[in-house]
Amino acid sequence: MSFLTLTHIQKSFGPVRVVHDFNMSIEKGEFVSFLGPSGCGKTTVLRMIAGFETPSGGAITIDGRDQNTLRPNQRNIGMVFQAYALFPNMNVFDNVAFGLKIAGKPKAEIEARVREMLGLIKLDHLADRFPYQMSGGQQQRVALARALAPKPQVLLLDEPLSALDAKIRVSLREEIRAIQRQLGITTVFVTHDQEEALSISDRIVVMNQGKADQIGTPFEIYNKPTTKFAANFVGTLSTLDATVADPAANTATVGDATVTLPEALGPARAGDRITLALRPEALALDASATRNIALSGTVDSVNFLGSVIRTRIDIDGQSLSFDTFNNPSLPPPMPGQTIKAYFSPSDLLLLRD
Ligand SMILES: Nc1ncnc2c1ncn2[C@@H]1O[C@H](COP(=O)(O)OP(=O)(O)OP(=O)(O)O)[C@@H](O)[C@H]1O
Ligand SMILES: [Mg+2]
């Protein structure tokens, strides 16, 4: 049995159901991100794990033990919130010591554990500071130390980085991941930032309207999205309307070309309309042995992003974006120009509803 399991979890507020049949099994020491748009139920699921909300149905277990009968303070969970939720009237030391004091730990043990935690977040020198005397990034590190001090079984992080500026966000997410690995603590991290989820997770749960839409490693979620929602929510994507050519041979017609699809069409008939998609990096201005299908279009826009150039072309009313690496000796395409972009059929994604 997995370490943390959520089985058929549901939650309604009054007549409104916000979590529908949510299922997830998380292994011990795993770092899992819940990724989804605002309002899809990420915080609600996290609050049910912590015991702040009672599920309307379903079961939650940690290390085989049913959690539904336990109050929040009986669960062994550490939580960090989006807004800095440190106690404003306590200094750093007392904030980190809080959970240990509540648990009635002896003074010497508290002292040692707080020092250990402050060492972990590299803030030993700020033990006497009050929250108002620290930056947002420092406050979130203290919040992390406070959550970890009582040695929780599970760490829950609800958008802990979203109030920080971009640079701090990247360095702190790496620090959180390093600490999580060092302690081997089972962690659920909530974010609506796809890059954040892709960069630090063992697995991602893409959430849509109170359901787990797709669960997989970052590599799987990005390269093999199984639904239109997951494909569009994670990363940039261009869709292409296509027509089934021969269902038995798994072929479809895209523009002037007939291509063999990399995944099974399933039940389909010749002439059925389907939606295919390509990631921006799957297209290039030059052909190769595998990148041998050409799409001709008119350049709509060219965005110079520094190391890459994102070009958008129009192909019979369909818009397609692709990225090329900057080459200082090669001028980028010009709007209005007619160009060919090449792709490999093996890079096509078949999108389902
Ligand atoms: N206590 C509550 N009473 C009524 N509705 C609630 C309550 N808490 C949450 N909701 C509703 O449940 C839905 C899911 O909310 P939730 O906070 O879980 O979303 P979220 O995915 O965390 O969004 P965000 O990314 O904006 O934080 C929303 O429609 C929200 O309005
Ligand atoms: Mg939320």
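Only a predicted model underlies this, so the values are computations on that prediction, with no experimental measurement involved.

Visitor: What should I look at first to understand the overall build of the protein in this one?
Guide: Along the backbone of the protein there are eight helices and 19 strands. The dimensions of the protein, computed from C-alpha atoms along their principal axes, are 75 × 50 × 35 Å. Every one of the 353 residues in the protein was classed for burial, and the buried ones make up 34%. Summarising the internal contacts of the protein: among those between residues at least 6 apart in sequence, 65% fall at separations of at least 24.

Visitor: Which parts of the structure should I look at to understand unusual backbone geometry?
Guide: Generally, phi is negative for residues other than glycine and the peptide bonds are trans, each holding for most cases. With a phi angle near 50°, H8 is a residue other than glycine that sits in the positive phi range. Inspection of the secondary structure assignment puts H8 in strand β1 (residues 4-13). Overall, the presence of 12 C-beta atoms within 10 Å leaves H8 in the exposed class. In this model, D63 sits at a positive phi of 50°, which is unusual for a non-glycine residue. Inspection of the secondary structure puts D63 in the loop between β4 (57-62) and β5 (65-66).

Visitor: So what exactly am I meant to see when it comes to the site of ligand 1 here?
Guide: The local shell around ligand 1 consists of F13, V18, G36, S38, G39, C40, G41, K42, T43, T44 and H192. Per element, the largest residue contribution to the shell around ligand 1 is three residues, and it comes from helix α1 (residues 42-50).

Visitor: How should I be thinking about the sheet that holds β1 in this particular structure?
Guide: Sheets are built from strands that pair by backbone hydrogen bonding, the pairs being arranged parallel or antiparallel. If you walk across this open sheet you meet the four strands as β2-β1-β4-β5, and the pairing is antiparallel. Lying at the two open borders of the sheet, with one neighbouring strand each, are β2 (16-26) and β5. Here five bridges tie β1 to β4, and the two strands are oriented antiparallel to one another. By the bridge assignment, T5 is partnered in β4 with T61.

Visitor: Is there a simple way to think about the pairing of strand β15 (residues 293-304) in this case?
Guide: Side-chain direction in a regular strand flips from residue to residue, so the side chains alternate between the two faces of the sheet. Note: β15 against strand β18 (residues 338-343), six bridges, orientation antiparallel. Bridge pairing in β18 links A294 to Y342.

Visitor: Looking at this structure, how should I read helix α3 (residues 107-120)?
Guide: Given 3.6 residues to a turn, an α-helix orients residues that are three or four positions apart in the same direction. In this model, α3 (14 residues) spans 20 Å end to end at C-alpha, consistent with the 20 Å of a helix rising 1.5 Å per residue. Listed as buried for α3 are I110, R113, V114, M117 and L118. Summarising the axial view, the buried residues of α3 lie within an arc of 135°, below the 170-degree limit, and thus occupy one face. Turned more than 90 degrees off the buried face of α3, the exposed positions are A108, E109, A112 and G119. Buried residues along α3 sit in contact with α2 (92-102) and α4 (136-148). Looking one or two residues beyond α3, the residue adopting positive phi is K122, at roughly 60°.

Visitor: Hey, could you run me through the packing of α4 against helix α5 (residues 166-183) in this one?
Guide: For the pair α4 and α5, the least separation of the axes is 11 Å and the interaxial angle reads 15°. Put simply, α4 runs roughly parallel to α5. Both α4 and α5 take part in a crossing whose hand is right-handed. From α4, G137, Q140, L144 and L148 reach across to α5, where they touch I168, L172, I176 and L183. A per-class count over the contact of α4 with α5 returns six nonpolar, two polar and no charged.

Visitor: Would you take a moment to explain the nonpolar core for this structure?
Guide: Considering soluble globular proteins, one finds that nonpolar side chains tend to be buried as a cluster. Membership of the largest hydrophobic core comes to 81 residues, with the highest contact counts inside it found for I49, V96, A145, L156, V205 and V206. Here the element with the most residues in this core is α4; it accounts for six residues. Counting only domains with at least three residues in this core, you end up with domain 1 (4-233) and domain 2 (238-351). If we skip the residues at most four places from it in the chain, V205 touches M24, V32, F34, L35, A212 and I215.

Conventions and cut-offs
- Residues numbered from 1 in each chain as written.
- Chains lettered and ligands numbered in written order.
- Predicted model: local features only at pLDDT ≥ 70, side-chain atom pairs only at ≥ 80, totals over all residues.
- Helix = DSSP H or I, 4+ residues; strand = E, 2+ residues; numbered from the N terminus.
- Buried ≥ 20, exposed ≤ 12 C-beta atoms within 10 Å, placed from the backbone.
- Contact = placed C-beta atoms within 7 Å.
- Near = placed C-beta within 6 Å.
- Pairing = 2+ DSSP bridges.
- Expected span 1.5 Å × (residues − 1).
- Arc of directions from axis to C-beta.
- Axes fitted to C-alpha atoms, helices over the stretch in contact; angles between N-to-C directions.
- Parallel < 35°, antiparallel > 145°, perpendicular 65-115°, else oblique.
- Left-handed = near helix turned anticlockwise from the far one by under 90°.
- Nonpolar A, V, L, I, M, F, W, Y, C, P; charged D, E, K, R; others polar.
- Core = buried A, V, L, I, M, F, W, Y, C linked by C-beta atoms within 7 Å.
- Domains from an automatic or database assignment.

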